[in-house]
Amino acid sequence: MRLTTPRPLLVLAAAAPFGLLLGAQAIADDYPSEPINLIVGASAGGTTDALAREVADGLAQKYDVPTVVDNRPGAGANIAAEAVANSDPDGYTLLVAYTSHTLNESLFHELPYDPVEDFSPISLLGEVSSILLSRPDLEIDSLQDLLDYAAEQPDGITFGVGGLGSSLHMETLKFMQESEILGYEIPYNGTAPAIADLIGSHVDVMFAPFAAAMPLVESGDANAIAVTSPERMPNLDDIPTVNETLADYPTTYGWFGLLGPAGMDPGIVERLNADVTEIMQGESGADLLEREGAEPIDISPEAFADFIAQDVERWQAIAEAGGIEKQ
């Protein structure tokens, strides 16, 4: 005997999805009604913090609610990420993340969160390339010059590394893998001391973030050899990309993004995505990205989620090939 559903139940069943959509829209329309907290896993003054404050100012103006930047550096940004992962998914506690969010899976045996499953990706704020620099007294004008120079050094060349486990460290490992250069990593506690030793000719080369590299290039304190972007950068169009010399070099970016805890209302996620994208594409946001050497990225939350999952795998492959031991 075939079971049938009485007509009134059919009407209710058909109306349920529409009702749920109306409920979600109502939640999104009512958001926000209280202050928003942006947690940042980095100290004040850096690029991540600057982007967080740009987003906070923009949201405060758009929504007419206080938006607070809460800096919680430490443990490779794990402290900040864990706090957001464990927060209520109501859209009032968000994470301004950077590359460490996907990189840490390759560095730690056990994270207190899953970088993919425990978050709602909202908006990719920007991507930034790094610049390969050489010490000022090294007469190198191109990446091919560096490859030739390294081939003539029986003991190899030295790479300054501004922080073990950083994205720049991973870039160094990848470069040595792809170029087959005999090189040795000289670790420093941050980019600034590594740059100081590059200027002092105590290390041969290093990868540096755009904002830190540009003053050195402009002053002649270091030579810019190549950039890691897939195409030449508009404000550095005379500096070739790595892949112009190493044709199969896999392009990698550092990135900055906005995430919330898993389970956020899709309507709130979509609204934040649209508004944050508009903020970063505005005059102030665009100027900030340009100063930091970053490119604005306009993608959907779903595409950002795919990006994060792929980035986790990308860093794992580099770390494994480089023999990185997890902590």
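Because the structure is a prediction, the values reported are computed rather than measured.

Chemist: Explain the sheet that holds strand 8 (residues 205–209) here, please?
Modeler: Either a parallel or an antiparallel arrangement is found when strands of a sheet pair, and the pairing is made through backbone hydrogen bonds. Judged by pairing direction, the sheet is mixed, and its five strands sit side by side in the order 7-6-8-5-9 without closing on themselves. Of all the strands in the sheet, the pair left with one neighbour each is strand 7 (183–187) and strand 9 (223–227). Recorded for the sheet is a direction-independent mean angle of 30° between the axes of neighbouring strands. Bridge count for strand 6 (residues 157–161) against strand 7 is five bridges, and the pairing is parallel.

Chemist: What am I meant to see in the layout of surface pockets here?
Modeler: Rolled over the atoms, a probe as big as a water molecule pinpoints where empty space is left. The calculated volume of the largest pocket comes to roughly 1,200 Å³. In terms of lining residues, the largest pocket is bounded by 47 residues, among which Tyr98, Ser166, Ser167, Leu168 and Thr191 are the most central. For the lining of the largest pocket, the elements supplying multiple residues, two or more each, are helix 2 (47–63), helix 4 (100–103), helix 6 (167–179), helix 8 (210–219) and strand 10 (254–261). In this model, the second largest pocket occupies a volume close to 170 Å³.

Chemist: I keep staring at the sheet that holds strand 10 and nothing clicks. Help me out?
Modeler: The strand order across the open sheet built from six strands is 2-1-3-10-4-11, with neighbouring strands paired in mixed fashion. Of all the strands in the sheet, the pair left with one neighbour each is strand 2 (67–71) and strand 11 (294–295). In the sheet, strand 1 (residues 36–40) pairs with strand 2 via five bridges, with the strands oriented parallel. Within strand 2, the position partnered with Val40 by the bridge is Asn71. Docked against the sheet, helix 11 (residues 301–321) engages strand 4 (119–128) and strand 10, running at close to 75° with respect to strand 4.

Here is what the cut-offs are and how they apply
- Residues numbered from 1 in each chain as written.
- Predicted model: local features only at pLDDT ≥ 70, side-chain atom pairs only at ≥ 80, totals over all residues.
- Heavy atoms only, no water.
- Pairing = 2+ DSSP bridges.
- Helix = DSSP H or I, 4+ residues; strand = E, 2+ residues; numbered from the N terminus.
- Axes fitted to C-alpha atoms, helices over the stretch in contact; angles between N-to-C directions.
- 1 Å grid on protein atoms, 1.4 Å probe; cavity = no way out; pocket = protein on both sides within 12 Å on 5 of 7 lines; lining within 4 Å.
- Points joined across faces, edges and corners; volume = space filled by probe spheres on them.
- Contact = heavy atoms within 4.5 Å.

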